[in-house]
Each structure stands twice: as C-alpha cells, then as structure tokens.
Amino acid sequence: MISRVLGHAAAGVALIVALLAVSLVWAPRTTTDDAAPIVIPTTAAPTTTTTFVPPTTTRPPYDGWVDPLSSGEPWGTTVEGLLTFRGNPTRSYYGAGPVPTAPAVQWSFPAEGSLCSFSSVGGESIEWCGTGWTGQPAVLERDGRTWVAFGSYGSAVHFLDGDTGERILPDFPVGDIIKGSVTIDPDGYPLLYTGSRDNFFRVLSFDTDQPVELWKLSADAVSPTLWNNDWDGAALVIDDYLFEGGENSQLHIVKLNRGYDDQGRVTVAPELVFNAPGWDQELLDRVGRNVSIENSVAISGDTLYFANSGGLVQGWDISGLADGTDPERVFRYWAGDDIDASIVIDGEGMLYIGVEYERANSRSQEVGQIIKLDPSRPDDPLVWKRDERPYVDSGVWGTPALYQDVLIVGTDEGRILALDQATGEERWSLQLNGPTWQSPVIVDDVFIIGDCEGVLHAYDVADTTVAPTELWTLTLGGCIESTPAVWDGWIYVGTRAGKFFAIADDPAAPTDSIEPTE
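Residues numbered from 1 in each chain as written. Predicted model: local features only at pLDDT ≥ 70, side-chain atom pairs only at ≥ 80, totals over all residues. Heavy atoms only, no water.

Participant: Whenever I open this one, the overall build of the protein chain confuses me. Can you help?
Facilitator: From N to C terminus, the protein chain includes three helices and 40 strands. Across the 518 residues that make up the protein chain, the buried fraction comes to 64%. In the protein chain, once contacts between residues fewer than 6 apart in sequence are set aside, the share between residues at least 24 apart is 58%. For the protein chain, the accessible surface area stands at approximately 18,000 Å², while carbon and sulfur atoms represent 47% of it. (Helix = DSSP H or I, 4+ residues; strand = E, 2+ residues; numbered from the N terminus. Buried < 20%, exposed > 50% of the residue type's maximum accessible area, 1.4 Å probe, protein only. Contact = heavy atoms within 4.5 Å. Areas by Shrake-Rupley, 256 points an atom, 1.4 Å probe, with all protein chains shown as cover.)

Participant: Would you explain the packing of aromatic side chains in this entry?
Facilitator: Remark: the centre distance and the inter-plane angle together describe each pair of aromatic rings, the angle taken between the planes. Applying the stated criterion across every chain, the model contains 16 aromatic pairs. Ring plane angle 80° and centroid distance 5.7 Å describe the contact between W65 and Y241, whose orientation is recorded as edge-to-face. Remark: Y241 occurs in strand β15 (residues 241-245) and W65 occurs in the loop between α1 (2-20) and β1 (81-82); sequence separation between them is 176 residues. Taking the relative accessible area as the measure of exposure, Y241 reaches 10% and is therefore buried. By way of ring pairs, the aromatic residues W107, F109, F150, W490, Y492 and F500 are connected into one cluster. The ring of W128 is capped by R197, whose NZ or CZ atom sits 4.8 Å from the centre of that ring. Sitting over the ring of Y357, R389 keeps its end group 5.9 Å from the ring centre. (Phe/Tyr/Trp six-rings, centres within 6.5 Å; stacked < 30°, edge-to-face > 60°. Lys NZ or Arg CZ within 6 Å of the ring centre and 35° of its normal.)

Participant: Explain the sheet that holds strand β27 (residues 370-373) here, please?
Facilitator: Sheet strands pair via backbone hydrogen bonds, and the direction of the pair is either parallel or antiparallel. Strand order in the open sheet formed by four strands is β24-β25-β27-β28, with antiparallel pairing between adjacent strands. Sheet topology places β24 (344-345) and β28 (382-386) at the edges, where each strand pairs with a single neighbour. Where strand β25 (residues 351-354) lies against β27, four bridges are found, and the strand directions are antiparallel. Bridge pairing in β27 links Y352 to K372. (Pairing = 2+ DSSP bridges.)

Participant: Could you clarify how one ought to interpret the environment of F85 in this entry?
Facilitator: Relative to the assigned elements, F85 resides in the loop between β1 and β2 (95-96). Along the primary structure F85 and Q136 are separated by 51 residues, whereas in three dimensions their C-alpha atoms are 6.1 Å apart. Excluding anything up to four places from it in sequence, F85 contacts R91, T134, Q136, S181, V182, A234, S296, S342, T399, S439 and T483.

Participant: Would you mind going over the state of the cysteines with me for this structure?
Facilitator: A covalent bond between the sulfur atoms of two cysteines is what we call a disulfide. On inspection of all chains with the given rule, the structure shows two disulfides. Residue pairing for C116: its cysteine sulfur links by disulfide to C129, the two sulfurs lying 2.0 Å apart. With the S-S bond torsion at 115°, the cross-link from C116 to C129 turns out right-handed. With C116 in strand β4 (residues 116-121) and C129 in strand β5 (residues 124-129), the pair connects residues that are 13 residues apart, well separated along the chain. Overall, the relative accessible area of 1% leaves C129 in the buried class. (Disulfide = S-S within 2.5 Å.)

Participant: Explain the pairing of β5 to me, please; I cannot follow it from the model alone.
Facilitator: Every regular strand shows the same layout, with side chains that alternate between the two sheet faces. As defined by bridge partners, β4 adjoins β5 across six bridges and the pair is classed as antiparallel. When the sheet's bridge partners are listed, F118 is paired in β5 with E127. Connecting β4 to the antiparallel partner β5 that follows it, the hairpin turn spans two residues, and G122 within it adopts a positive phi of roughly 60°.

Participant: Whenever I open this one, the confidence of the model for the protein chain confuses me. Can you help?
Facilitator: Regions with low pLDDT carry predicted coordinates that are not meant to be interpreted in detail. Residues at a pLDDT of 70 or more form 87% of the protein chain, whose mean pLDDT is 90. This model gives residues 10-52 a pLDDT under 50, and the stretch forms 114 contacts once residues within four places in sequence are excluded. Confidence drops under pLDDT 50 across residues 512-518; counting only partners more than four residues distant or on other chains, this segment forms 20 contacts. (pLDDT = per-residue confidence, 0-100.)

Participant: Would you mind going over the sheet that holds strand β12 (residues 200-205) with me for this structure?
Facilitator: Pairing is antiparallel across the open sheet formed by four strands, whose spatial order is β10-β11-β12-β13. Of all strands in the sheet, those with a lone pairing partner are β10 (183-184) and β13 (212-218), marking the two edges. In the sheet, β10 pairs with strand β11 (residues 191-195) via two bridges, with the strands oriented antiparallel. Paired with I184 across the bridge in β11 is L192.

Set out below in structure tokens:
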C-alpha cells in the first residue's frame with residue numbers, strides 16, 4: 001500500500017502554498033458569526049437532526065467481552081465521544097448528529113504552515129503531508145470542551161479545541177509519520193493510544209498541561225516478526241486489556257493496570273501478556289513474507305478478529321484471557337490478497353470485509369473483493385462475494401459501513417456501492433474521483449465521503465432502495481484519504497494537502513431555501 005500512498009503526495013503538496021494564504025473564520029457552537037467563511041459548499045439541503053444521547057437498553061448485562069448486539073452503538077456511556085476508528089469494537093459506529101446542512105470550513109489547522117514531515121520508504125526520504133489512511137480523528141467531551149485528537153503526517157499527535165482549532169495541549173512529537181487513527185480510553189482514564197512508523201506504540205496521558213508518554217512498546221519487543229515496524233491499526237481497550245495488531249505481523253495483548261497516583265495523575269503499569277504471529281506456514285508458502293497487520297482489530301462476543309496483508313482472515317478466542325488462558329485461533333479463511341480494511345461485524349456476528357487486488361492470483365479472483373463471512377460455519381463461511389477488480393492494484397482499501405439493510409463500500413477506482421447485506425446484490429452505485437480509500441460515514445441518514453480531488457460529499461440515504469440524492473459538496477483541496485469524524489454538528493477531517501479541517505453550518509446560509517444538488 002505504501003507505494004500507492006506516495007502518488008497522492010505530489011498533488012497535495014502543490015496545494016499547500018495556496019492554503020497557507022487563506023485565513024479561515026471559525027464559529028463556536030454557542031455563537032453566530034456575521035463573517036462568511038472562506039470555503040463554501042456548492043449546494044445544501046436540510047436533513048433530519050439529532051444530538052448525542054447515551055444509549056439506553058433493557059438488555060441484560062452481557063457475559064463476555066463485547067455484546068454482539070452492540071454493533072452500531074456508541075462505545076459505552078462512560079466517555080461521550082467518537083473514541084476510536086469506526087467508533088466501537090465492531091467498527092460500526094460513525095458519530096452523532098446533527099450533520100451540517102449548509103457546511104463551511106470554520107477553521108483549519110495549523111493556522112500557518114502545514115502538517116508535513118519526511119519519511120523513508122525503500123531507502124528514499126519523501127515528504128508526506130496532512131493526514132492519510134486511516135487518519136480518523138477521535139472526538140471526546142471533557143471538562144466542558146470538545147476535544148479533537150489525531151495523529152498526522154507531521155509526525156505528531158495533536159490535541160485541539162473542537163470549536164476553535166486552538167491547541168488544548170502542545171503537540172506530542174514522534175519520530176516518524178502517523179498513518180492510523182488514535183484511540184481514547186473508553187473508561188474515562190485520560191489516556192490516548194497510538195502507534196507510529198518510528199517503531200513504537202505509545203500510551204500518552206493528557207491530564208496535565210502537556211501530553212506525557214507513560215509507556216511504549218517496540219515492534220521488536222516480540223519474536224518472530226515479519227515485514228516492518230509500523231503501527232497502522234487503532235487499538236481497542238476493554239476491561240483493562242489493550243488489543244493491537246502491528247505491521248511486525250504480530251497480535252499483541254497488553255494488561256494496562258491503569259490507576260491514579262497520590263496526586264490524582266493517571267498511571268499505567270503495562271504487561272505484555274500475549275503475542276502471536278498473524279501468519280502460519282501455509283500462508284507464507286502461498287504469499288511470501290508480506291503478512292503485516294494494517295487493519296484495526298475488531299471484537300464481537302468472545303472472539304477477536306483481524307486480517308493481514310497476506311489475505312488471512314482469522315478469529316481468536318479470548319474468552320479465558322482474564323483467567324490466564326491464552327487466546328487460541330478458532331477461525332481461518334484465506335481471501336487470497338491484501339486486506340488493509342478493518343473487519344466490520346453486525347449484530348449476528350457476520351463479518352464484512354474489503355479485499356485489495358494486488359497479487360492477481362486465482363484465489364483472489366475466486367473469492368472476490370467484497371465478502372461476507374459467517375464464522376459459525378468455519379468449513380464453509382462464505383455467504384456471498386462481490387468482484388471489484390477492474391485492474392491490478394484495485395479493489396477495496398476503505399473499511400465498509402453497515403447501514404440499515406445495506407453495506408456501503410468505496411473502491412480504489414472511485415466506485416461507491418450499496419449492497420444488500422443479506423444477498424450482496426447491488427442496490428445502487430456512485431462514481432467519484434478515486435481512489436476512495438476513506439471509510440463511509442453515515443449519521444442521521446446522511447452519507448459522507450470524500451474523493452481524491454479534495455471534495456467532501458454528502459448524500460441522503462434514508463431510502464436504501466433508491467440511488468441517493470446529493471445534498472451538498474464542499475471543496476477542501478488535497479486527496480481525502482482520511483475517514484471523517486461527525487460529532488454534534490461538526491465534521492472533522494484532514495487531507496493530503498497538509499491541513500486538518502473543521503466544518504460546521506455557515507450561520508449566514510439560509511438552510512430553509514436550499515435545494516439538493518442536481
């Protein structure tokens with residue numbers, strides 16, 4: 001995937017000079033601003049609006065790691081926010097409305113300069129800018145403020161005020177770029193979890209006037225390893241255990257031992273309690289050494305799922321972990337080709353997976369590039385498949401999205417598909433300027449996705465049986481590889497042009513008279 005990413009950098013860098021000259025107007029949630037923002041949408045239309053309400057349920061407590069029926073729900077009620085890539089352990093929560101109806105850029109970060117740094121690929125140092133795949137920011141409500149936290153190609157973690165774009169804390173520098181999405185502790189501990197291409201996965205605290213590194217794990221701390229030392233996946237933290245896959249091709253489980261010291265400062269005393277290769281000899285015989293884990297682990301019930309660059313989908317039984325029993329692999333399915341997209345799990349435990357088409361082998365042609373698996377049938381799990389391989393180096397990079405009765409998927413060539421979840425049959429499709437690597441986001445019946453010409457699109461998908469109506473577009477500039485975060489009337493997203501954007505309704509726009517895009 002690295003070589004494909006580089007192709008987006010040149011176009012993004014070319015836009016930086018123009019972006020630096022723009023002074024954008026910001027609008028706090030609680031005030032109005034008579035000055036029109038610089039960047040405006042082409043069109044807009046009103047949509048149904050809601051605000052975040054912690055989920056209520058009459059379901060009895062679940063006796064296990066993750067209740068399968070929590071698919072699509074926020075990650076608990078302790079911390080209000082969008083706390084990890086795709087929101088929850090099944091990678092199926094997209095944020096909270098309302099969604100802007102007359103969107104405009106309220107601020108961009110940094111106000112001056114750009115988020116760029118140099119990183120070596122194949123011995124060549126190349127400048128990377130902005131945020132990339134997967135790059136979804138985390139959003140949380142804390143101490144009466146909306147915090148936005150993300151890692152960037154500027155080789156740092158950033159903690160910003162969601163209303164103003166001002167730094168709440170200084171940037172935390174790391175030794176190389178950050179490609180993945182950060183995770184905020186879901187149990188209320190002021191902790192952020194992130195990895196970088198500099199070899200380390202880190203635990204940062206944010207309860208003082210600056211972020212503090214409390215612990216880091218080297219990609220070389222386990223053995224054997226294959227491929228490289230990057231950490232693209234967003235970790236999960238459940239019951240004091242951290243679950244993370246690395247591009248060292250290993251699965252890692254860490255007991256965090258979180259707590260507080262006598263001064264009330266958060267502490268951790270991590271122990272690596274389990275690690276295992278994400279490959280087996282059969283896989284290596286078929287595909288060679290490129291078996292890194294780039295997607296984010298998902299958990300449903302007592303099973304942890306991930307896939308790797310060798311195309312191996314696997315499930316690990318973690319039911320006895322807290323009692324000292326090592327996880328055991330209980331599900332194996334070879335899809336034939338690279339799987340960077342995270343596995344998405346529905347309320348019945350079904351797996352939805354996007355697969356790339358790089359090796360062009362017979363197995364990837366047999367299995368297809370969008371698949372639904374039933375892990376309760378380990379000997380014959382394929383429910384349906386969809387072929388999306390118009391050329392070599394095509395297929396699916398972005399994580400699919402479950403919505404009502406469809407699966408929405410973006411492809412490398414820019415096709416957006418809505419497939420019937422039960423049958424895989426196509427309901428509708430769209431064509432955008434590809435590649436579309438970010439993951440679809442649907443909140444309040446509005447589907448939001450960016451394209452590689454820097455345009456953010458919104459569609460009305462309330463009726464899944466018909467092609468959606470485009471509600472608005474907003475030009476940001478630079479390929480949008482990162483997945484947007486939607487939260488309480490705002491959209492947060494970065495692009496490859498070196499900037500991170502906050503988008504909300506333009507208070508000067510009359511939303512009651514706006515017509516949808518034709």
